[in-house]
Amino acid sequence: MSNFPAPTDHDTVGCMRVRFSSIFQHVPSPATLILGALVLVFYCSFLLHRIDLTVADLGRHLQNGRLALEEHIIPATNFYSYTEPDYPVVTHHWGSGIAFFLAWKAGGFVGVQILFIIISLATLAIIFGMATIAAGPGPAAIVAALAVPLLAERTEIRPEAFSYLLAALFFLALTRFERTRNWYWLVVLPFLQVLWVNTHIYFFLGPVLIAIFFISHMLTRPFGRRAARLLGITELGTIIASFLNPFFITGALAPFTIFENYGYRIAENQPVWFLETLMQNPNFTIFKVLFGLLIASFIVRVWARGREREIIPLAVIGVIISVLGWLATRNFALFGFFFIVLAAYNISACCSAWLIRRRVTLATAGGIFLALLLVPALFGQWQKYFPHWREAGLGLEQRNTGAADFFRTHDLHGPIFNNYDIGGYLIWHLYREEKVFVDNRPEAYPAQFFTGQYIPMQESDEVWQKALERWNFNSIFFSHRDATPWAQQFLIARVQDSAWAPVYADQKILIFLRRNEENKNVIARFEIPKSAFRTVAP
């Protein structure tokens, strides 16, 4: 069965297409609604965990939204930092910040999380709907359930949720156009691209998806065909739309330039084969299994169907998302969403008649499979094996604001030396009063800043003393869960350093104050004795 049937097919396969379409493409059946709801609940069970601002980007995104709405500022320099305040920055996700800040204004951090969950579930609903139209609710439920853990790799509230939704909408519009040849499916794409270029840096996927379908037409059909012309015009319109951002050409080219200056290695940007030697994550195995299944589905399809035009764009998309998944674990969710619909398309192409005859049996099997996965998930049994899972619930983790409250309540001041991960936390809580030494945007600092200053000053006491003389730090605001070797070495040194006094500690954060006249009263009241600290072997 072809996934993009031409309206004029009248052969046997064409008749099967019409029959198959009448079963799966009209009003959703009860089985579709029930299985779809179960899939969404399964995914939601991973999304419902509390927010930890101490390691998240969310604080900075909220501050970006506040600045855009209240002060009409979209940051073009790194003015959150006192170390590199004039360094140029492309705030490509400013639109996401506005959405998150409006949600925060409406419902606090619970409101932000609800918005994120709605966007995430909407994306899966679109993908599941497409998979159901192709292969029926049973197979769609099974492949979706297999992919949910990969989707759960990215459950921190980030702007990339908009990219997943918009990528799904682009793919939906393009496949609908292939099926119907109705031009109005393409008209909306340049408008969606304007939204995409201002919400997340993965906006380049929009033109890429259109180009894949356009090139497929160019390779398999005469140049003058109407569909190719419409796709070409849409591609041009979408590329032009990419320039409609506050940074114009620089913003449009950001996906291709952002890694030119990275001086700090981030785990989520590392390939699978590298990370699996450093940490345990069941998603490494799940990704490799689903990658194998996707490859197998294309091989079986080619064996069963032979050469067909419709497989070209799907295969190219499969290659792209697979490469992205292998190269960076941050792309696991993107791979997971597309795996669902591509696998369903390949299943339907290989055995459409069999799917029709056994639709009830397959729907029942899908329901049983989901139930077996969902019951333990509702009790948190699956989630505990994933490193990004936190305590169940909505809103901030308990006492997550404690360190910032302590800092403000006791009228403490900087300059602050802080670690990389906690920068977003400080930007949200202390932006008006204090700037940060560093935050979790490698592109916002020269590479030499990390390799020549930030890391060496934690590894070497000599470099630290020179930095202390230069910046005159008054306080240290540090996440003691920073697992980098230089961070742990630095914390041990500061606990043993008589020039600094630890005055606050919770499950995530340590605050040190410099022993001087300004801080002596707070130190006298809150200093934590050295005996309270102990070194734990890695």
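Residues numbered from 1 in each chain as written. Predicted model: local features only at pLDDT ≥ 70, side-chain atom pairs only at ≥ 80, totals over all residues. Heavy atoms only, no water.

S.K.: If you had to explain the pairing of strand β2 (residues 475–479) to someone new, which residues and values would you point to?
M.R.: Counting buried positions over the five residues of β2 gives five, a clear majority of the element. Two elements, strand β1 (residues 416–418) and β2, share three bridges in a ladder whose sense is parallel. By the bridge assignment for β2, Asn 418 is matched with Phe 477. Here five bridges tie β2 to strand β4 (residues 509–514), and the two strands are oriented antiparallel to one another. By the bridge assignment, Phe 477 is partnered in β4 with Ile 511. (Buried < 20%, exposed > 50% of the residue type's maximum accessible area, 1.4 Å probe, protein only. Helix = DSSP H or I, 4+ residues; strand = E, 2+ residues; numbered from the N terminus. Pairing = 2+ DSSP bridges.)

S.K.: With reference to specific residues and values, describe the pattern of salt bridges.
M.R.: Considering all chains together, one arrives at 19 salt bridges under this definition. Measuring nitrogen to oxygen at the nearest pair gives 2.7 Å for the salt bridge that ties Lys 508 to Glu 397. Linking Lys 508 in the loop between β3 (500–505) and β4 with Glu 397 in the loop between α16 (359–378) and α17 (402–409), this pair joins segments that are 111 residues apart in sequence. On the basis of relative accessible area, Lys 508 is assigned to the buried category, the value being 12%. For Glu 397, a relative accessible area of 11% corresponds to the buried category. Here Asp 497 makes a salt bridge to Arg 494, at a shortest N to O gap of 3.2 Å. Residues joined in a network through salt bridges with shared partners are Asp 57, Arg 154, Glu 156, Arg 158, Glu 160, Glu 268 and Arg 330. (Salt bridge = Lys/Arg side-chain N within 4 Å of Asp/Glu carboxyl O.)

S.K.: Before we move on, could you go through the environment of Asn 516 and cite the residues and values that matter?
M.R.: Examined against the element boundaries, Asn 516 turns out to sit in the loop between β4 and α23 (520–526). Each C-alpha atom, one on Asn 516 and one on Ala 499, is 8.7 Å from the other, the two residues being 17 residues apart in sequence. There is a polar contact of 3.2 Å between the side chain of Asn 516 and the backbone nitrogen of Glu 518. (Polar contact = N/O pair within 3.5 Å; in protein donor to acceptor, adjacent residues only side chain to side chain.)

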